[in-house]
Protein chains: 2
Amino acid sequence: MTVNRRWVLARRPTGEPAAADFRIEETPVPAPGEGGVLVRTLVLSIDPYMRGRMNATRSYAPAVEIGAPMVGTAVARVEVSRDPALAPGDLVLAQTGWQDYATAPARRLRKLDPADPPPSTALHVLGMPGHTAYAGLLEIGRPAPGETVVVAAAAGPVGSAVGQIARIKGARAVGIAGGAEKCAHVTGTLGFDACIDRRAPDFAARLAAACPDGIDVYFENVGGAVFDAVVPLLKPFARVPLCGLVSQYNETPPGPDRLAATMRTFLSNRITVRGFIVIDFAALEPAFLAEASVWVRDGRLRWREDVADGLEAAPRVLAGVLRGDNFGKALVRVAT
Amino acid sequence: MTVNRRWVLARRPTGEPAAADFRIEETPVPAPGEGGVLVRTLVLSIDPYMRGRMNATRSYAPAVEIGAPMVGTAVARVEVSRDPALAPGDLVLAQTGWQDYATAPARRLRKLDPADPPPSTALHVLGMPGHTAYAGLLEIGRPAPGETVVVAAAAGPVGSAVGQIARIKGARAVGIAGGAEKCAHVTGTLGFDACIDRRAPDFAARLAAACPDGIDVYFENVGGAVFDAVVPLLKPFARVPLCGLVSQYNETPPGPDRLAATMRTFLSNRITVRGFIVIDFAALEPAFLAEASVWVRDGRLRWREDVADGLEAAPRVLAGVLRGDNFGKALVRVAT
């Protein structure tokens, strides 16, 4: 226990991360300070978000520096403790990074029960991926019983939890996964109502057939071709929790199609885009009229009209409105 | 009062509506049925949504048929009434369409006060455009005092109400308009904090300078180049009420850039897209762990792991995760 191996970022990848983007190093095993512990990494979690950290651009979290260890979460065992809350042999959830040993303040570690469920579940179904599925589905997706929830990477840790929680809440769950074996797992073991193989040549048609009433909630974690097939199936008032875009993480932006880059901005800045038509807020009309009438009377809400004369003017007024030629509300005086 | 002139849709436009897309017709003035009224159109409102109704594709509302009168709302005067609630000479808000006369059930008409404010305000600041601004800004945008609200077409009926209501609620209002005269109106008469001319060659830089802390709410009603300049300025947790995309209404879809078509789908289907990162829901973690632990114990929430052996495997496991090769949660067993 004197040598610590660790993977550091050797260079920033272009496209798919290659072996030469990483370098393994040996360093001395560090010693914990007062209130800290030394832990041995047992099981390291590998997650899609790590690709983003390899880029120079800061997203919602800082980039990994060149020469610094790759970040990551692990189930780890306490080897040395300088805090009474933890003892050697205890299992903890720790931000070890990609290395054999790490030190951390004891108070920042979550102690794990070694027995049931297995500690590694803290890295998925009872950890960050499960939490992601639970929060995104229930707080943003808000599926009602009987609604259709679609999720891609359905055999993965986030997708599998999304579909199962959707069913627990009474919704229909349709998964998308790569290959027949994963699809069989999704419908068999996980109990989804359907699963479509994204590699099928008629993928979009199969997805449409599996969602005969359309899609109420699409939990987005992949982007790309799957998103393209989903968009035409989204029902009015559908919700799209935008959790990840893994199919795009290796892309070098931007091409002539700016959809991918825009969706990435929505994700990393946690932006809400919500289409609406005024009739959706019909119930708000009395409140609007009451408030706005007072504001108009007080001069706090001013208005301007751009009036054309004669019914014959209507077509050219419309063409002007679409060009932005009007200065104030476009009106046609038809009679007096 | 025997001839009714009306504009009908002669053919569906390609791009900007042309004169030949419309045809003026003369028909007999219709007679109202029991409970109905005959109204004379006085002031007809021309609005961007009309362009969408000229397309064959059904959006949130049905298309205007070829040969049918163009739809529209007007301030109208009752000429003949077969309902005691309205008398000849009364002013009403009516869906007359683009024509001199129309009939309607009396109960579907909003009676207007002829005096103050002017009846035509029911077509803008105290009508549908004002209601649109009020609902979209306050229900979706939800600006907090001190936040920055940006709106385009700021001299128009929706944009002018958005910015003024934003200021009434204590937010900063930055408008975008076409030309110096409109901008002067927006900052002068309407009292916005700033207004940027969208035709300025350095438009994007000027917008950024007017929003030094970024944008909290972007009320989207134009799309296109304005949206492109706004996206990089959106702050984390920004809200984008997606009300209209007038710069795109004349476009013939779709080109290689699918952003415009996708935004149009979000709008017409009133879709909510909301980016999120699990740490935004840190407060939900205890509830997640409590519920999910029970579900895992009961076998209602199942999980699967895909474990690679040895720290040296980490880079190739990450590459596989990004390709979707893993089947279950990707983990690296580093030690036992």
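Residues numbered from 1 in each chain as written. Chains lettered and ligands numbered in written order. Predicted model: local features only at pLDDT ≥ 70, side-chain atom pairs only at ≥ 80, totals over all residues. Heavy atoms only, no water.

Enquirer: Before we move on, can you summarise the overall build of chain A with the specific residues and values?
Expert: Scanning chain A for helices and strands turns up nine helices and 15 strands. On C-alpha atoms alone, chain A measures out to a radius of gyration of 27 Å, which is more than a quarter above the 20 Å that the 2.2 N^0.38 rule sets for 336 residues. Judged by the C-alpha coordinates and their principal axes, chain A covers about 95 × 50 × 40 Å. For chain A, with 336 residues in total, the buried portion stands at 59%. Long-range pairs, those at least 24 residues apart, make up 56% of the contacts in chain A with a sequence separation of at least 6. (Helix = DSSP H or I, 4+ residues; strand = E, 2+ residues; numbered from the N terminus. Rg over C-alpha atoms; globule rule 2.2 N^0.38 Å. Buried < 20%, exposed > 50% of the residue type's maximum accessible area, 1.4 Å probe, protein only. Contact = heavy atoms within 4.5 Å.)

Enquirer: Describe the side chain of B:T27, naming the residues involved and giving the relevant values.
Expert: Structurally, B:T27 is set in strand β2 (residues 22–28). Apart from residues lying up to four places away in sequence, B:T27 is in contact with B:T2, B:V3, B:N4 and B:R6.

Enquirer: Which residues make up unusual backbone geometry, and what are the values?
Expert: Of note in the backbone geometry, A:R270 takes a positive phi value of approximately 50° without being a glycine. Tracing the sequence through the fold places A:R270 in the loop between α7 (259–268) and β13 (272–275). The phi dihedral of B:A153 falls on the positive side, at around 50°, and the residue is not glycine. Residue placement: B:A153 occurs in the loop between β8 (148–151) and α3 (157–168).

Enquirer: Just give me the short version of the relation of the copies chain B and chain A, but keep the residues and values in it.
Expert: With an RMSD of 0.0 Å, the operation that places chain B on chain A is a rotation of 180° combined with a shift of 0.0 Å along the axis. The superposition operator between the copies reduces to a two-fold rotation axis. (Least-squares fit on C-alpha atoms with pLDDT ≥ 70 in both.)

Enquirer: An account of the interface of chain B and chain A is requested, with residue identities and associated values reported.
Expert: Between chain B and chain A, the contact holds 135 residues from the first and 135 residues from the second. There are ten salt bridges connecting chain B and chain A. For B:R258, the salt bridge identified is with A:D228, shortest N-O distance 2.6 Å. Taken together, chain B and chain A are joined by 58 residue pairs in polar contact (both at pLDDT 80 or more). Among the elements that take part in the side of chain B that touches chain A, helix α2 (residues 128–141) of chain B stands out by supplying ten residues, more than any other. Looking at side-chain class alone, the side of chain B that touches chain A contains 76 nonpolar, 26 polar and 33 charged residues. In this structure, β13(A) lies alongside strand β13 (residues 272–275) of chain B, joined through three bridges in antiparallel fashion. (Salt bridge = Lys/Arg side-chain N within 4 Å of Asp/Glu carboxyl O. Polar contact = N/O pair within 3.5 Å; in protein donor to acceptor, adjacent residues only side chain to side chain. Nonpolar A, V, L, I, M, F, W, Y, C, P; charged D, E, K, R; others polar. Pairing = 2+ DSSP bridges.)

Enquirer: Could you give an account of the environment of B:A155, naming the residues involved and the relevant values?
Expert: Tracing the chain through its elements places B:A155 in the loop between β8 and α3. Distance from B:A155 to B:C195, taken between C-alpha atoms, is 9.7 Å for residues 40 residues apart in sequence. Beyond its immediate stretch of four places on either side in the chain, B:A155 contacts A:F327, A:G328, B:S160, B:A177, B:K182, B:H185 and B:V186.

Enquirer: Residues and numbers for the sheet that holds strand β10 (residues 194–197) of chain B, please.
Expert: If you trace the twelve strands from one edge of the open sheet to the other, you get β10(A)-β9(A)-β8(A)-β11(A)-β12(A)-β13(B)-β13(A)-β12(B)-β11(B)-β8(B)-β9(B)-β10(B), paired in mixed fashion. Because the sheet does not close on itself, it has two edges, and the strands there are β10 (194–197) of chain A together with β10 of chain B. Across the sheet, the axes of successive neighbouring strands diverge by a mean angle of 15°, strand direction being ignored. Most of the contacts of helix α4 (residues 180–187) of chain B go to β10(B), to which it runs at about 170°, and overall it touches β9 (172–177) and β10 of chain B. (Axes fitted to C-alpha atoms, helices over the stretch in contact; angles between N-to-C directions.)

Enquirer: Go over the packing of helix α8 (residues 285–298) of chain A against α2(B), please, and point to the residues and values.
Expert: Packing of α8(A) against α2(B) brings their axes to within 10 Å, and their N-to-C directions diverge by 105°. With respect to each other, α8(A) and α2(B) are oriented roughly perpendicular. Where α8(A) abuts α2(B), its residues A:E285, A:A287, A:F288, A:E291 and A:W295 lie against B:G130, B:H131 and B:Y134. For the contact of α8(A) with α2(B), the class distribution of residues is four nonpolar, two polar and two charged. (Parallel < 35°, antiparallel > 145°, perpendicular 65-115°, else oblique.)

Enquirer: Describe the nonpolar core, naming the residues involved and giving the relevant values.
Expert: Membership of the largest hydrophobic core comes to 111 residues, with the highest contact counts inside it found for A:I46, A:L207, A:Y218, B:I46, B:L207 and B:Y218. Other than its neighbours up to four places away in sequence, A:Y218 contacts A:V150, A:A152, A:V226, A:F227, A:V230, A:L234, A:R239, A:V240 and A:P241. (Core = buried A, V, L, I, M, F, W, Y, C linked by side-chain atoms within 4.5 Å.)

Enquirer: Can you lay out the domain arrangement of chain A for me, pointing to particular residues and giving the numbers?
Expert: Here chain A is described as being made up of domain 1 (3–119), domain 2 (128–268) and domain 3 (278–333). Taking the mean C-alpha position of each, domain 2 of chain A and domain 3 of chain A sit 41 Å from one another. (Domains from an automatic or database assignment.)

Enquirer: Lay out the packing of α7(A) against helix α7 (residues 259–268) of chain B with the relevant residues and their values.
Expert: Packed helix pairs are characterised by how far apart their axes lie and by the angle those axes make with each other. Remark: α7(A) packs on α7(B), axes separated minimally by 9 Å, with the N-to-C direction vectors making an angle of 50°. Between α7(A) and α7(B), the angle falls in the class oblique. Between α7(A), through A:L259, A:T262, A:M263 and A:F266, and α7(B), the contact on the second element is made entirely by B:L259, B:T262, B:M263 and B:F266. For the contact of α7(A) with α7(B), a count of residues per class yields six nonpolar, two polar and no charged.

Enquirer: I'd like to hear about the pattern of salt bridges, residue by residue, with values.
Expert: When the charged atoms of two side chains lie near each other, side chains of opposite charge can form a pair. Within the structure shown, the criterion is met by 40 salt bridges over all chains. Close ionic contact of A:R5 with B:E312 constitutes a salt bridge, the shortest N to O distance being 3.4 Å. A residue pair is termed interchain when its members come from two chains, as with A:R5 in strand β1 (residues 3–9) and B:E312 in the loop between β14 (305–309) and α9 (314–323). Under the relative-accessibility criterion, A:R5 is labelled partly exposed at 26%. B:E312 sits in the partly exposed class, given a relative accessible area of 47%. A salt bridge links B:D280 to A:R270; the nearest nitrogen and oxygen atoms lie 2.9 Å apart. Taken together, the positions of B:D280 in the loop between β13 and α8 (285–298) and A:R270 in the loop between α7 and β13 put the pair across two chains. We classify B:D280 as partly exposed; its relative accessible area is 26%. By relative accessible area, which is 11% here, A:R270 ends up buried. Here the salt bridges do not stand alone but share partners, grouping A:R5, A:R40, A:D100 and B:E312 into one network.

Enquirer: Provide a residue-level description of the confidence of the model for chain A, including the pertinent values.
Expert: Mean pLDDT over chain A works out to 92, with 99% of the residues at or above the 70 mark. As a predicted assembly, this complex carries a pTM of 0.89 together with an ipTM value of 0.87. (pLDDT = per-residue confidence, 0-100.)

Enquirer: Mind laying out the packing of aromatic side chains, listing which residues take part and the relevant values?
Expert: Under the definition given, this model contains 14 aromatic pairs over all chains. Between A:R304 and the ring centre of A:F327, over which it is positioned, the NZ or CZ distance is 3.4 Å. (Phe/Tyr/Trp six-rings, centres within 6.5 Å; stacked < 30°, edge-to-face > 60°. Lys NZ or Arg CZ within 6 Å of the ring centre and 35° of its normal.)

Enquirer: How would you sum up helix α2 (residues 128–141) of chain A? Please name residues and give values.
Expert: All names here are of chain A. Within α2, twelve of the 14 residues are buried, which leaves the element mostly enclosed by the surrounding structure. P129, G130, H131, T132, A133, Y134, A135, G136, L137, L138, I140 and G141 are the residues of α2 that are buried. Where α2 terminates, the next one or two residues include R142, which has phi positive at roughly 45°.

Enquirer: Outline helix α9 (residues 314–323) of chain A, supporting the account with residue identities and numerical values.
Expert: All names here are of chain A. By the criterion of burial, α9 is predominantly enclosed, with eight of the ten residues buried. Within α9, burial applies to A314, P315, V317, L318, A319, G320, V321 and L322. Just downstream of α9, G324 is the residue with a positive phi angle, here 80°.

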